[in-house]
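Structure assessment
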Amino acid sequence: MTMMRLSGLLLLLLLSGKMSGQAVHQEAYDPLAVSGQPPQPSRDAWRFVEDLKSPFWTDITWENRKPDARHADLRKGIRLQTGFPDPRQRLETVYQDLRNFCKAGGIPFGDGGYLVRTEKDPSLKEEEFRVIVGKSSVRVTAGDTEGIRRGIFYLQDEMLRIGDPALPLGTVQKNPEVKRRISRCFFAPIKRPGNQAGIGDELADDIDYYPDEYLNRLSHEGVNGLWVTVSSKDGNENSVGFTDLVSTEITPQAGVGGEKRLAKLQQIVNKCLRYGIRIYIKTMEPHVRFEKGDPMLEKYPDLAGRLSGNSYFLCASGTAGQKYLYQSVNKIFRAVPGLGGIINISHGELYTTCLSALPATGGGKISCPRCSAMPPWQILHHSLSAMNKGMKDAEPGAELISWLYMPQPQFQTKGAPTTLADWVFEIPSHTPEGVVLQFNFESGIRKTVSGKELIGGDYWLSAPGPSERFERVARDAVRSNTGVSAKIQTSTSHEVATVPYLPVPSLIYRKFAAMRQLGVTHTMLSWIMGSYPSLMVKATEQLSFGEFPDEETFLRQLAAYYWKKEDITTVTRAWKHFAEGYENYPLTNIFQYFGPMHDGPVWPLLLVPRDAPLSPTYQLGSRNTFLPWPPSGDRIAESFPEILSLEEMVALCKKMTDSWEQGLTLINSLAPGYRDQRERMLDIGVAQALGIQFRSGYNILRFYQLREKLFRMDEPGRMAVLGELKEIIAEEIRLSGRLAELCLQDSRLGFHPEAEGYKYYPEKLKWRIGQLKRVLAEDVPAVSRAIEKGEQLFPAYTGRSPEGAVAYAVPLDRSAATGIWNRFEGGADIPGLSWSAAYDGDTLQVTIAGSGESGGPVSLRYAQLSIEPARLWPARRYPFRLLKEPASGDAAGRNRLALARIPLAELGLSGRHPVRLNIQVADEAGKVASWRPEHPLTPRIILGTQNSADLGWLIFK
């Protein structure tokens, strides 16, 4: 249908079936047109960057309780005595932070008052600290500067929890059980095409993405590592990693411009170390190709691994591949002293070693002559050993973290593998000494909903984990003395990433409870989203050190850090409601990638059906075309797997929004007591924004559930359903308006770090309000009039009066006599090829035949049926069974070439309602044809390029 505004008269014509959608060509308003969208806010609108630069300590409001005998009184002042040796002056930042803390809290700082003394104790390990609090002084002792840093932060935290400048008397000693807590800059470019910023590279520009007070915030929340992107994909799938930084004997032409990028990396390293934060470069190595005829292949024959097209991937098991990896890593770490390490996606994203030929779920074949003769773990061992040696020879204290990215199944479909191959579980016990093995904490986690088992891919806050596969990997690694890193999400995840954080600390608690039990030593706290400083990141610090508290104690201690003592119970009750609701988030990645929970408040609601696709939640524009994505349309079933029904999705999201509203009632009740505390009011605003997003997501699912029901109803009851749709639209107008107000107060709202921009913002929310008002003013009255006249609603859309290409299925027992054959009209011309459909009480049967019109019999290489079980649902694909010996011809000379038999119950066709389908074939000569001409959409993850507009109707006669 042409994109247009539908006037009342035009709509009535469509309703009555008297006007084909293809015949409408009126120029007017189109809610799905990219050109009609308000422009994306500029970087100047990213006011949160200035907030991150602002002083961490401002005004601290003490509760002014009378000190008791159990506490040291610091109200008269603090004097600092720095006894810990600090030749690199790494502690200057924490000492200055203590001065700023005292100033913000009105505590005199100078020569008199309570003594805070730092001392060295070589027996204490990295980051471990001991504080001995007396009536007149406190000794903070540690074995390294980072233990002193954590000890002083502990003193500040205790004063904030108590609510006054006082410290509990006694001795406390804490050791980090989770030693490395690695995050990412919230607003640094991600080095991928398609976003408004193009392909940004933080090592190639002059912007400081690590302001001092931002680093101070991260340090206070326990972050002691940050990862920086040096390896990613460009638009042509070329690697940009080590070869962007340095050259080697194997890659002598590489490293152009690398000196500048390494110099910027050194600046980042030096600045972050002042706050106790190590920098890790994120890579996917080795990923180097050599074209056939490259002189290097002749000089080093063992470079050649898998042949792909006209080029070979580098083999890391040969001496030349080992040399490439050693020299690359060694040169980088010698050029950047102090660099903390590497996080390398060793398997699962780009093609790295020859092991990449084996999917994590099983199958595949290694064609490399060297690697095919060894066990799979040994291939990875060769690669990691060379990288680790190159790194350690230059920087002995650096760490190599090998990330096995194995999130399957990211889309749960019938027959898709849900477990990992046996060889995966051989890797933990064969990881080179000193290399840390990283694995996704929740990938593969299972949950039963409505009697159906859901399996999550990556990444999850709502399902805390761990998955069984992570437990198995972790236990095997610990038994082999291999360090284990858990890849988790902290502040947000792909479930909803358009807020700075979700206030669900009990879910983080459950993650760390399992991590501590499993012996996890490292954690990567976030992917591109989920890294904003927040109570959730602070929770990870609290859960990484010392004895592990029970959940209630932890929640109360965390709440005390931010809220008044009398409000702690209310806050923790609200957090529990938030977590209970959030756990109902549908456990399916496709809902993360296309569902309405990120930016539903700017989705148009389409009462007039458009059969328009959904747009990715995590992008502003396509990485293939570099063009902006349009607003999401009405194909709502593209956002959930076939295992769940729309009714079940609505039920899950209702539980989520209802429970969140219970928590909001509690949090909102605290607002009057915090009017003068900006940070707490922003916390309340974040919870409110999430409440709006979850409610809007539920409303959108329910809107299309009711709309589809309305279109297929006969009187009576249609007016009542239309009334419910009107109520949803009215509520969405109110929700979008309120969210626009919150956005003006908090520039973080609507910002998606992976999209590098805003998914919703005030101007777009106002645009959406205008669209909804048009629906109420124009579309609703037109539908109402059609109902009053007793007319069918959109019969061309529902299939009651189908338009366009139509085929017919006949009863199977009469198909030989009455079968209706259809020619292939799309793609290549394969003369004589046709298909027909027949059915019985249980099965739909589709037959492909050839008549040999071209002078010889047609021979097929493959054939596939794409069938849409219901409007708005993605088409399911079924392969045909190719007949080895085509059946003898019928009266018309047709020979059966392929057959597909599909249970009607599997398609939900018990009533044999009209469905839409297409058929694709290829013959042995390579000609590709289809029943209906195909017009592929811009590729989308999981959903591919399928275009519902390419489907024709199948009517059961």
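1. What about the overall build of the protein?
Each helix and strand counted, the protein has 23 helices and 34 strands in total. Here the C-alpha coordinates of the protein stretch approximately 105 × 75 × 45 Å along the principal axes. Going through the 957 residues of the protein one by one, you find that 61% of them count as buried. A sequence separation of at least 24 residues applies to 75% of the contacts in the protein between residues at least 6 apart. Of the roughly 35900 Å² of accessible surface on the protein, 49% is carried by carbon and sulfur atoms. With 113 positive and 108 negative side-chain charges, the protein shows a separation of 1 Å between the mean positions of the two kinds.

2. Some details on the sheet that holds strand β13 (residues 311-314)
Read across the sheet, three strands follow the order β11-β13-β12 without closing on themselves; strand pairing throughout is antiparallel. In this open sheet, the two edge strands, each paired with only one partner strand, are β11 (289-291) and β12 (304-308). Neighbour-to-neighbour, the strand axes of this sheet turn through a mean angle of 35°, independent of strand direction. The sheet contact formed by β12 and β13 spans three bridges and is antiparallel.

3. Quick look at the packing of helix α12 (residues 505-518) against helix α13 (residues 535-544)
Look at α12 against α13: their axes get within 10 Å of each other, and the N-to-C directions meet at 30°. Taken together, the axis directions place α12 and α13 in an arrangement best described as roughly parallel. For α12 against α13, the interelement crossing comes out right-handed. Along the contact surface, α12 presents Pro 505, Ile 508, Tyr 509, Phe 512 and Arg 516, while α13 presents Leu 535, Met 536, Ala 539, Thr 540, Leu 543 and Ser 544. Per-class residue counts for the contact of α12 with α13 are eight nonpolar, two polar and one charged.

4. A closer look at helix α18 (residues 678-711)
Three or four residues apart is the spacing at which side chains of an α-helix point the same way, because the helix has 3.6 residues per turn. End to end, α18 covers 49 Å across 34 residues, agreeing with the expected 50 Å (1.5 Å per residue, within 8%). With 27 of its 34 residues buried, α18 lies for the most part within the structure.

5. As for the side chain of His 347
With respect to the helices and strands, His 347 occurs in strand β14 (residues 341-347). A polar atom in the side chain of His 347 sits 3.4 Å from the backbone oxygen of Leu 355. Setting aside anything within four residues of it in sequence, one finds His 347 in contact with Thr 352, Leu 355, Ser 356, Leu 358, Pro 359, Ala 360, Trp 403, Leu 404, Tyr 405, Met 406 and Trp 423.

6. Some details on the sheet that holds strand β10 (residues 278-283)
Read around the closed barrel, the eight strands follow the order β8-β9-β10-β14-β15-β16-β19-β20; overall the barrel is parallel. Taken pair by pair, the neighbouring strands of this sheet meet at an average axis angle of 25°, ignoring direction. Two elements, strand β8 (residues 180-184) and strand β9 (residues 225-229), share three bridges in a ladder whose sense is parallel. When the bridges of β9 are listed, Arg 184 appears paired with Trp 227.

7. Overview of the pattern of salt bridges
Between side chains of opposite charge, a pair can form as their charged atoms come close. In this structure the tally under the stated criterion is 62 salt bridges. Here Lys 576 and Glu 552 are joined by a salt bridge, their closest N and O atoms 2.6 Å apart. A residue pair is termed long-range when its members are at least 10 positions apart, and Lys 576 in helix α15 (residues 568-582) and Glu 552 in helix α14 (residues 551-562) qualify at 24 residues. Lys 576 gets classed as partly exposed once you look at its relative accessible area, which sits at 30%.

8. Let's talk about empty space enclosed by the protein
Within this structure, the stated rule accounts for four cavities of 30 Å³ or more. In this model, the second largest cavity occupies a volume close to 110 Å³. Around the second largest cavity, the lining residues are Phe 129, Arg 150, Phe 153, Tyr 154, Asp 157, Arg 161, Lys 174, Glu 541, Gln 542 and Phe 545. Contributions of two or more residues to the lining of the second largest cavity are made by α4 (145-162) and α13. For the lining of the second largest cavity, the leading source of residues is α4, giving five residues. Grouping the constituent residues of the lining of the second largest cavity by class yields four nonpolar, one polar and five charged.

9. Quick look at the state of the cysteines
Under the counting rule described, the total for this entry stands at zero disulfides. Not engaged in a disulfide, the cysteine Cys 272 finds its nearest cysteine sulfur in Cys 185; these two sulfurs lie 8.9 Å apart.

10. Topic: the packing of α18 against helix α19 (residues 718-745)
Contact geometry of α18 with α19 gives a least axis separation of 9 Å together with a crossing angle of 155°. What the angle tells us is that α18 and α19 run roughly antiparallel. The crossing of α18 and α19 is left-handed. The class makeup of the residues in the contact of α18 with α19 is 14 nonpolar, five polar and ten charged.

11. Topic: the pairing of strand β15 (residues 399-404)
Where a strand is regular, its side chains alternate between the two sheet faces. β15 sits mainly inside the fold: six of its six residues count as buried. By the alternation rule, side chains of β15 split into Glu 399, Ile 401 and Trp 403 and Leu 400, Ser 402 and Leu 404, which are all buried. Pairing geometry for β14 and β15, over six bridges, is parallel. Bridge pairing links Asn 344 to Ser 402 in β15. Following the chain from β14 across helix α10 (residues 376-394) to the adjacent parallel β15, one finds a crossover that is right-handed. As paired elements, β15 and strand β16 (residues 436-440) share four bridges and run parallel to each other. Within the sheet, the bridge partner assigned to Trp 403 lies in β16 and is Gln 438.

The rules behind these values
- Residues numbered from 1 in each chain as written.
- Predicted model: local features only at pLDDT ≥ 70, side-chain atom pairs only at ≥ 80, totals over all residues.
- Heavy atoms only, no water.
- Helix = DSSP H or I, 4+ residues; strand = E, 2+ residues; numbered from the N terminus.
- Buried < 20%, exposed > 50% of the residue type's maximum accessible area, 1.4 Å probe, protein only.
- Contact = heavy atoms within 4.5 Å.
- Areas by Shrake-Rupley, 256 points an atom, 1.4 Å probe, with all protein chains shown as cover.
- Lys, Arg positive; Asp, Glu negative; His and termini not counted.
- Charge placed at Lys NZ, Arg CZ, Asp CG, Glu CD.
- Pairing = 2+ DSSP bridges.
- Axes fitted to C-alpha atoms, helices over the stretch in contact; angles between N-to-C directions.
- Parallel < 35°, antiparallel > 145°, perpendicular 65-115°, else oblique.
- Left-handed = near helix turned anticlockwise from the far one by under 90°.
- Nonpolar A, V, L, I, M, F, W, Y, C, P; charged D, E, K, R; others polar.
- Expected span 1.5 Å × (residues − 1).
- Polar contact = N/O pair within 3.5 Å; in protein donor to acceptor, adjacent residues only side chain to side chain.
- Salt bridge = Lys/Arg side-chain N within 4 Å of Asp/Glu carboxyl O.
- 1 Å grid on protein atoms, 1.4 Å probe; cavity = no way out; pocket = protein on both sides within 12 Å on 5 of 7 lines; lining within 4 Å.
- Points joined across faces, edges and corners; volume = space filled by probe spheres on them.
- Disulfide = S-S within 2.5 Å.
- Right-handed = clockwise from strand over helix to strand, strands pointing away.

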